Amino acid sequence: MKTFYVTTPIYYPNDVPHIGHAYTTVLADVLARWHKSNGYDVFFLTGTDEHGLKLQRSAEKAGKTPKEFVDEMVPIFKKYWGLLDIQYDRFIRTTDPDHEELVGRVFERLHEKGYVYKGKYSGWYCVSCEKFYSEGEYVEKDGQKLCPIHNKPLEWVEEETYFLKLSAMQDEILHLIEEGNIIKPESYAREVANRIKKEGLRDLSVARPKSRVYWGVELPFDKDFVAYVWIDALLNYLTGVGYLRDNSRFEKYWPSAHHIIGKDILWFHSAIWFSVLRMLGVAPPKMLVVHAYIVNRGLKMGKSTGNVVMIDDLLERYGSSDAVRYLLMRLLNLEKDVEFDQNLLDSIYNGELADTYGNLVRRAGVLALRRLNGEVVKAGLDESLASLATEVISKTQQLMGDLKIAESLSLSFDLLREANAYLNRTQPWSSEDPNKPLYNVLEAIRISTNLLYPVMPKTSEIVSRSLGFEIIPPPNLAYGQTQLFKVKDAPILFKKV
Ligand code: ME8
């Protein structure tokens, strides 16, 4: 059986997730569901990144131990993913015992292989990013050095550390990034390659002295240090599929690994992560899918910028997880930042979900019940709907395979709009023989509903139950294959805002 291993970043549980986190997580869930319905054996991993100075400080501020603090935050993440119908297979926490053990073992290996060496480090650190910034990267303002992302003062750090010999990997990793066809869209691969060419791949400080950061995984070869939170975090992708623990599981899933991330963490997930994997003798992931930001008033949506839209806000406004999932995927753009615009979302919601999809389902249901007692049998196919549907099915397969989710959604809606126009033309409410037009409208609804399933699973279930058809795998989907619709109900799917 073909496998599909998909991951989201593991988020920092220092705060509750917002719609930026939902953007990535819904995308991963849609890909997981799509592959599942296409017959893949899917493993979907998400979770939380719980160690490091940022968490340590958030906990201190809240008057809690880091463990108490993260233990309280994790259920909140799970609650939101539940509310958005995210069907993950494991929620990994970097404090999980199997993960902490793996981090220790990996550091041991890297140390034994000579990739980790002791040294002294000094530099400007951003606690919110959990990373050092070098000259040229930070912003200088009023004599202060600020993080270019968080706009907060950087902290001067001077301490003993362990370095990871990334410099030894430079040529191989550059080649991999340029030729490996791993990073999608390709513009991001070029960005990383250019940075490596410009700056080189420098050795990375991968440990913090316990005297400063106590909240982390102890290095097995030096108990005075903890692992740098980013290396700890990246390794979750290996823990999740049983690396060094369950070889057959690891070999089954790892070759199909798809990491879904925002562009903020591209460097870590490419230059650094590919290097670590290479040092361990593990193949790179199959694909790194990078998306751009949701911005609000021109700035990346984020807690520290103070411009976040909460998941609750959207759930309340649009009334269902499916509507929120749809809107996020409808906006999805891997290459360009998208501005959060409530008016635009309202008009997409009203125009597409309520007026086009919801209204068609409602009208078709009512007509089938009133005019045909809910039994619509196979009758002559409308040629133009049939050919459009056939095209929509095959193009959707192709687009989903190319990660063009927003484009594929618009195809299903082309079919729904055509079916609406056809319904208005054929007027089954007054025609002598309402069966043929209703059959074709229901068939078009069925095809679209099937194709929309990964994005709107609950709606698909409601529609399929109400109109009396089954959700089937997309490869088996064909216009005209229904013999009988047993319509039971004419649901109102989306109430206008
Ligand atoms: O970086 N637009 O965690 P994090 C789009 N723990 N996506 C957004 C977004 C926005 N405005 N805001 C957040 C970390 N995201 C590390 C990851 S992985 C080994 C460790 C999404 O909580 C996007 O996926 O800061 C981004 O990459 C991620 O949240 C950052 O989450």
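Residues numbered from 1 in each chain as written. Predicted model: local features only at pLDDT ≥ 70, side-chain atom pairs only at ≥ 80, totals over all residues.

A. Main features of the domain arrangement of the chain. When its domains are assigned, the chain resolves into domain 1 (3-329) and domain 2 (342-486). Just the C-alpha atoms count here: the centres of domain 1 and domain 2 sit 40 Å apart. In this complex, domain 1 contributes 19 residues to the contact, which on the side of domain 2 involves 19 residues. Elements supplying a minimum of two residues to the side of domain 1 that touches domain 2: helix H1 (19-37) and helix H12 (321-331). No other element matches H12, which puts 7 residues into the side of domain 1 that touches domain 2. Along the lines of polarity and charge, the residues of the side of domain 1 that touches domain 2 split into 9 nonpolar, 5 polar and 5 charged. (Domains from an automatic or database assignment. Contact = placed C-beta atoms within 7 Å. Helix = DSSP H or I, 4+ residues; strand = E, 2+ residues; numbered from the N terminus. Nonpolar A, V, L, I, M, F, W, Y, C, P; charged D, E, K, R; others polar.)

B. Local environment of the pairing of strand S2 (residues 41-48). A large share of S2 lies buried, amounting to 7 of its 8 residues. Where strand S1 (residues 3-11) meets S2, 7 bridges bridge the pair, whose relative direction is parallel. Its bridge partner being in S2, Ile10 is matched across the sheet by Gly47. Running through H1, the crossover from S1 to the neighbouring parallel element S2 is right-handed. Bridge analysis of S2 against strand S3 (residues 90-93) gives 4 bridges, and the strand direction is parallel. (Buried ≥ 20, exposed ≤ 12 C-beta atoms within 10 Å, placed from the backbone. Pairing = 2+ DSSP bridges. Right-handed = clockwise from strand over helix to strand, strands pointing away.)

C. Structural context of the sheet that holds strand S12 (residues 218-219). With respect to topology, 3 strands assemble into an open sheet ordered S11-S13-S12, the strand pairing being antiparallel. In this open sheet, the two edge strands, each paired with only one partner strand, are strand S11 (207-209) and S12. Examined bridge by bridge, S11 and strand S13 (residues 222-227) share 3 bridges and lie antiparallel to one another. When the bridges of S13 are listed, Pro209 appears paired with Phe225.

D. Broad picture of the UniProt feature "domain: Methionyl/Leucyl tRNA synthetase" (unreviewed entry) in the chain. When the UniProt feature table is mapped onto this chain numbering, "domain: Methionyl/Leucyl tRNA synthetase" (unreviewed entry) sits at residues 4-364. Helix makes up 44% of residues 4-364 and strand 23%. Its end C-alpha atoms lie 37 Å apart. (UniProt positions renumbered as here; feature names shortened; annotations may be inferred.)

E. Broad picture of the sheet that holds strand S17 (residues 299-300). Overall, mixed pairing links the 3 strands, which are arranged S17-S16-S18 in an open sheet. The sheet is open, and its two edges are formed by S17 and strand S18 (338-339), each paired on a single side. Across 2 bridges, the pairing between strand S16 (residues 294-296) and S17 is antiparallel. When the bridges of S17 are listed, Asn296 appears paired with Leu299.

F. Molecular detail of helix H14 (residues 383-401). Spanning 19 residues, H14 covers 27 Å between terminal C-alpha atoms, matching the ideal 27 Å at 1.5 Å per step. Remark: Leu403 follows H14 within two positions and exhibits a positive phi of approximately 65°. (Expected span 1.5 Å × (residues − 1).)

G. How the structure looks around the nonpolar core. Membership of the largest hydrophobic core comes to 154 residues, with the highest contact counts inside it found for Leu27, Ala227, Met329 and Ile445. Counting contributing residues, this core receives three or more from each of domain 1 (3-329) and domain 2 (342-486). Contact partners of Met329, with chain neighbours within four places excluded, come to Val26, Leu27, Val30, Ile405, Ala406, Leu409 and Val455. (Core = buried A, V, L, I, M, F, W, Y, C linked by C-beta atoms within 7 Å.)

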